[in-house]
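# Chain and residue survey
Listed below are the residues making up each chain.
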Amino acid sequence: MTLGPSGHSDSFTRDRLPPADQWPDMPRAAFVYPDWINVGVELTDAMVARGFGDHTALIGNGRIRTYKELSDWTNRIAHALVEDYGVKPGHRVLIRSANNPAMVAAWLAATKAGAVVVNTMPMLRASELTKIVDKAEVSLALCDTRLMEEMVTCAKSSAHLRHVVGFDGTANHDAELDRAALGKSVRFAAAKTGRDDVALLGFTSGTTGEPKATMHFHRDILTIADGYAREVLGVVPEDVFVGSPPLAFTFGLGGLAVFPLRFGAAACLLENASPPNLIEIIQKYRAAVCFTAPTAYRVMLKAMEEGADLSSLRAAVSAGETLPAPVYEEWIAKTGKPMLDGIGATEMLHIFLTNRFDDHRPACTGRPVAGYEAKIVDEDGAEMPRGSVGRLAVRGPTGCRYMDDTRQVKYVQNGWNLTGDAFWQDENGYFHFAARTDDMIISSGYNIAGPDVEAALLAHADVLECAVVGEPDPERGQIVVAHVVLVEGVAPTPETAKRLQDHVKASIAPYKYPRRVEFVATLPKTQTGKIQRFRLRTAE
């Protein structure tokens, strides 16, 4: 794989790309970009130049920002990052925030400055942030001032993180970064970044509990918009986007920032994207495109029965967990429009298999997005007959590049990305989800690594041993279930279960806590002492 020129003065990320022979095949004929391109500019200043300056770009926290205002705002912040905080092209900058316009502005500004951005979820604890900071050698973190505590705790023990700078995630703009940016020029000469310079590190949970950093170039971020968003969604400037996935997930960043901004549309961002809040803003702003999980669509269906007007939605995109056929069928019956089930991966950046408005069916994930290929393979990588359940293999213009990680050779084999999903392909070429092929638990769209939860439980004095598995759940897709062997003398009571659940919530991101705790005398093990989680799953 021949890379284009680099504008990074700090070559940290390019130096840590996988060896060329470990890359997936990446046919890119349909997505050609110039040698030098900066995605931060493409989504702001370039849109103003194209005549979208007065169009609404971002809505949220009581403010509406036009493209001109977003361009000016991000240019001012970019000046501050370079002039006041010493950001150079290639430096890693971490952002910690809920979904709001200020987070998008911080991401775009850091990208304009040539930084490699690491977006993180507000629910992460200091221990989880530390793993990310250390792996990416992050020296600067931009943090919503309402979320500083865990970030500061992380910085105190970090060898790399030198500055934590607060920004105001509300509409007030009263924080250190905002004040530094206020006196800066609204014109900024963006860093000259190469199309093959890393722009984004997307961290994803490993089944070992050790996070993996997926590396995405400037060109990749444009490709998902010029591919899926253009071909499947047909985005137009009049569209308003809403949704629940965090911007810290590549699914959320694509669906709630990249896609609307690439086409002159608007994004309405919610810090608390609960189904009732989503329903409220869909009605208020006549939203056209929604990204969320089946759980939320179920609540929307009930709300429509009670009089909610969601008729403005032309695209209901479901991803993150399997879309049950009854939800799909009821949505069509109530709205006359299909629900677009799809699957993506952090490694692939966004959705690569999907249904279309004119080509959709229940309990089906559809066909590959333009530019992608998919097939079902066995353990040796040989393609399997139609109707056989096997491993999903994908290749296309985006693909897996883990940063300095030996797990690259497991994810990419023979030029194909193996997503960790078991699928089957029907006689007509449509793909159908069967199961995960690893120990990842997917609950309400969140990827949860069982070992993360086990480590948190084992840190509690009452726990002797434990094993965590996913159990099917009609509302969440799966729930986290902990099988716990207690220390002698501790009673297996509901109070003990609650104590352990609260401990996990306080130790790691709260969404990872076990919804159910089962107390057992022993755990099933091999002769060598390895816990047999598959037997616990079978028992469930």
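Let us look at the structure shown here.

Conventions adopted
- Residues numbered from 1 in each chain as written.
- Predicted model: local features only at pLDDT ≥ 70, side-chain atom pairs only at ≥ 80, totals over all residues.
- Heavy atoms only, no water.
- Helix = DSSP H or I, 4+ residues; strand = E, 2+ residues; numbered from the N terminus.
- Rg over C-alpha atoms; globule rule 2.2 N^0.38 Å.
- Buried < 20%, exposed > 50% of the residue type's maximum accessible area, 1.4 Å probe, protein only.
- Contact = heavy atoms within 4.5 Å.
- Lys, Arg positive; Asp, Glu negative; His and termini not counted.
- Charge placed at Lys NZ, Arg CZ, Asp CG, Glu CD.
- Pairing = 2+ DSSP bridges.
- Axes fitted to C-alpha atoms, helices over the stretch in contact; angles between N-to-C directions.
- Expected span 1.5 Å × (residues − 1).
- Salt bridge = Lys/Arg side-chain N within 4 Å of Asp/Glu carboxyl O.
- Right-handed = clockwise from strand over helix to strand, strands pointing away.

## Regarding the overall build of the chain
A count of helices and strands for the chain gives 17 helices and 25 strands. Against the compact-globule benchmark of 24 Å for 540 residues, the chain has a radius of gyration of 23 Å, which places it among compact chains. In terms of overall dimensions, the chain has C-alpha extents of about 65 × 55 × 55 Å along its principal axes. A total of 540 residues make up the chain; the buried ones form 59% of that total. Expressed as a percentage of contacts within the chain between residues at least 6 apart in sequence, the contacts between residues at least 24 apart total 68%. Averaging the positions of the 57 positive and the 66 negative side-chain charges in the chain gives two centres separated by 3 Å.

## Section: the sheet that holds strand E1 (residues 56–60)
Across the sheet, which stays open at both edges, the nine strands sit in the order E2-E1-E10-E9-E11-E12-E13-E14-E15 with mixed pairing between neighbours. In the strand order of this sheet, the two ends are held by strand E2 (63–66) and strand E15 (367–368), each with one partner. Strand direction decides the pairing type here: E1 and E2, joined by four bridges, are antiparallel. The partner of Ile59 across the bridge, within E2, is Ile64. Here helix H10 (residues 250–262) sits on the sheet in contact with E1, strand E9 (240–243), strand E10 (266–268), strand E11 (289–292) and strand E14 (351–354), set at roughly 170° to E9.

## Thoughts on helix H4 (residues 67–83)
With 17 residues, H4 extends 24 Å between its outermost C-alpha atoms, agreeing within 8% with the 24 Å of an ideal straight helix rising 1.5 Å per residue. Judged by how many residues are buried, H4 sits mostly within the fold: twelve of 17 residues are covered. Looking at H4, one finds that the buried residues are Tyr67, Leu70, Ser71, Asp72, Trp73, Thr74, Asn75, Ile77, Ala78, His79, Ala80 and Leu81.

## Structural notes on the pattern of salt bridges
Taken as a whole, this structure holds 38 salt bridges when the rule is applied. Of the charged contacts, one joins Arg314 and Asp239 as a salt bridge, the two residues approaching to 2.7 Å between their closest N and O atoms. Residue Arg314 is found in the loop between helix H12 (294–305) and strand E12 (315–318), and its partner Asp239 is found in the loop between helix H9 (218–233) and E9; the two are separated by 75 residues along the sequence. Accessibility expressed as a relative area gives 24% for Arg314, which makes it partly exposed. By relative accessible area, which is 4% here, Asp239 ends up buried. Where salt bridges share partners, they join Asp35, Arg195, Asp196 and Arg219 into one cluster.

## What about the environment of Phe259?
Secondary-structure assignment places Phe259 in helix H10. What makes Phe259 buried here is its relative accessible area of 0%. The sequence separation of Phe259 and Phe241 amounts to 18 residues, and the corresponding C-alpha distance is 8.7 Å. Not counting residues up to four positions away in its chain, the partners in contact with Phe259 are Ile224, Ala225, Tyr228, Ala229, Leu233, Val235, Phe241, Gly254, Phe291 and His350.

## Observations regarding unusual backbone geometry
For Asp404, which is not glycine, the phi torsion reads 50° and is therefore positive. Its location among the elements puts Asp404 in the loop between strand E17 (390–395) and helix H14 (408–411). Here the phi dihedral of Asn414 falls at roughly 55°; this positive angle occurs in a residue that is not glycine. Here Asn414 shows up in the loop between strand E18 (412–413) and strand E19 (416–425).

## Some details on the pairing of strand E3 (residues 92–96)
Of all five residues in E3, five are buried; the element is thus mostly enclosed. Both faces of E3 are covered, namely the face carrying Arg92, Leu94 and Arg96 and the face carrying Val93 and Ile95. Pairing of E3 with strand E4 (residues 116–120) involves five bridges; the strand directions are parallel. By the bridge assignment for E4, Ile95 is matched with Asn119. Taking the sense of rotation as the criterion, the β-α-β connection linking E3, helix H5 (residues 101–112) and E4 turns out right-handed.

## A short note on the sheet that holds strand E25 (residues 516–519)
Spatial ordering of the open sheet is given by E23-E24-E25, a layout of three strands whose pairing is mixed. Strands with a single pairing partner mark the edges of an open sheet, and in this sheet they are strand E23 (463–473) and E25. On average, each strand axis in the sheet is tilted by 25° relative to the strand beside it, whichever way the strands run. In this sheet, E25 lies alongside strand E24 (residues 477–486) in parallel orientation, the contact comprising four bridges. Among the inter-strand pairings, His483 is bridged to a residue of E25, identified as Glu518. Along the sheet, helix H15 (residues 450–458) makes contact with E23 and E24, crossing E23 at roughly 145°. Packing against the sheet, helix H16 (residues 494–507) makes contact with E23, E24 and E25, and its axis sits at approximately 125° to E25.

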